[in-house]
Amino acid sequence: MTLEQLYALIGPDMKAVDAVIRDRLHSDVVLVRQVAEYIINSGGKRMRPALVLLAAGAMGYQGVRHHEMAAVIEFIHTATLLHDDVVDESALRRGRDTANAMFGNAASVLVGDFLYSRAFQMMVAVDDMRVMRVLSDATNIIAEGEVLQLMNCHDADVDEARYMQVIHYKTAKLFEAAAQLGAILGQASPEIEQALAAYGMHLGTAFQLVDDVLDYSGQEADTGKHLGDDLAEGKPTLPLIYVMQHGTPEQAACVRKAIEEGGRDDFPAVLEAIRGSGALEHARERAVREAALARSAIERLGDSQFKIALLQLTLFAVERNH
């Protein structure tokens, strides 16, 4: 199933979110508009704003505030991408030059700050303390996740638990917040709100684990990024951690050296070690388990087309090639 098919149910809502995004991107400062529009229009999956819409729909929400909240989620996500690409010195995202490659690091960082502050202006305008608490907490935890990842770079002793903490903070937290916002807008019971939050967290974790797999198994034309980017940055992701814990001594030594030194020189040997040790299968199995946990979290939701779409989204997350 494609994302287009999944999003058919919320097509008009997604168009409304895009209209909010375009409107809220306005700035009298030309460079702010240029950089923000470049990254927003660079072909992302829009999965996080879609989660807000689907969760709200599953709760029977009838208003229009979910459009604003979905746009807020997308702005926060986009700000993290702008900052991420500067920190990682990335040159390619979604098959295009990164904003920092196009406009420079300074512009990317400052426009990321603009998007964060615009997101906070929008969430304050909603005038709902619970919404503000969820989003402010999520933004803070994401920032902690970024720092945790930075601390883990070039550290070959990072274990699976430390790495999963990075995923939960850096990636899964915004998925969790998106699904929880939909529940809050739909005035869900505390139990259902927590169920949707758990769904988002497990979905986001599965999504990131598959990204880790694709970094060593995808096609660059599909993924829109250079294979081995994580290795070049010295990031000990799950496939690499698995090789060091379960591979042969030679495989483990090869991966350890690559993490500690970074760069792409050892990429062919590392790729051989990953593929020969079952590391990709292990990471994909973890992703499949997380997707199953996401599905089980929303078992008690009332039957609807929105619930079906949420369930199907967990399948897309683990079956995709980009």
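With an unreviewed UniProt entry as reference, the protein chain is termed Octaprenyl diphosphate synthase, source organism Dechloromonas denitrificans. In its Cofactor (unreviewed entry) section, the UniProt record describing the protein chain reads: "Mg(2+)". In the Function (unreviewed entry) part of its UniProt record, the protein chain is described as follows: "Supplies octaprenyl diphosphate, the precursor for the side chain of the isoprenoid quinones ubiquinone and menaquinone."

Asks: Summarise the packing of aromatic side chains; cite the residues concerned and give the values.
Replies: In this structure the tally under the stated criterion is three aromatic pairs. With centroids separated by 5.7 Å and ring planes inclined at 80°, the aromatic side chains of Tyr38 and Phe103 adopt a geometry described as edge-to-face. Linking Tyr38 in helix 3 (residues 30-40) with Phe103 in helix 6 (residues 99-103), this pair joins segments that are 65 residues apart in sequence. Since its relative accessible area comes to 27%, Phe103 is described here as partly exposed. Pairing Tyr216 with Phe267 gives two aromatic rings, centres 6.1 Å apart and planes at 25°, and the pair type is stacked. In this pair, Tyr216 is assigned in helix 10 (residues 190-217) and Phe267 in helix 15 (residues 267-277), connecting sequence segments 51 residues apart. Residue class for Tyr216 comes out buried when judged on its relative accessible area of 0%. Residue Phe267 is classed as buried on the basis of its relative accessible area, which comes to 15%. Over the aromatic face of Phe207 sits the side chain of Arg320, whose NZ or CZ is 3.8 Å from the ring centroid.

Asks: With reference to specific residues and values, describe helix 8 (residues 129-152).
Replies: Spanning 24 residues, helix 8 covers 34 Å between terminal C-alpha atoms, matching the ideal 34 Å at 1.5 Å per step. Within helix 8 the residues assigned to the buried category are Val131, Met132, Val134, Leu135, Ala138, Thr139, Ile142, Gly145, Gln149 and Asn152. In this structure, the buried residues of helix 8 make contact with helix 5 (65-88), helix 7 (105-126) and helix 9 (160-185). Near the N-terminus of helix 8, the side chain that reaches the backbone nitrogen of Arg130, with its oxygen 2.9 Å away, is that of Asp128. Looking one or two places after helix 8, you find His154, whose phi comes out positive at around 65°.

Asks: Outline helix 17 (residues 305-319), listing residues and values.
Replies: Between its first and last C-alpha, helix 17 extends 21 Å over 15 residues, near the 21 Å set by a 1.5 Å rise per residue. Looking at helix 17, one finds that the buried residues are Lys307, Ala309, Leu310, Leu313, Thr314, Phe316, Ala317 and Val318. Close packing links the buried residues of helix 17 with helix 1 (3-7), helix 4 (47-58), helix 10 and helix 16 (279-297). Where helix 17 begins, one side-chain oxygen reaches toward the backbone nitrogen of Phe306, 3.3 Å away; that side chain belongs to Ser304.

Calculation notes
- Residues numbered from 1 in each chain as written.
- Predicted model: local features only at pLDDT ≥ 70, side-chain atom pairs only at ≥ 80, totals over all residues.
- Heavy atoms only, no water.
- UniProt positions renumbered as here; feature names shortened; annotations may be inferred.
- Phe/Tyr/Trp six-rings, centres within 6.5 Å; stacked < 30°, edge-to-face > 60°.
- Helix = DSSP H or I, 4+ residues; strand = E, 2+ residues; numbered from the N terminus.
- Buried < 20%, exposed > 50% of the residue type's maximum accessible area, 1.4 Å probe, protein only.
- Lys NZ or Arg CZ within 6 Å of the ring centre and 35° of its normal.
- Expected span 1.5 Å × (residues − 1).
- Contact = heavy atoms within 4.5 Å.
- Polar contact = N/O pair within 3.5 Å; in protein donor to acceptor, adjacent residues only side chain to side chain.

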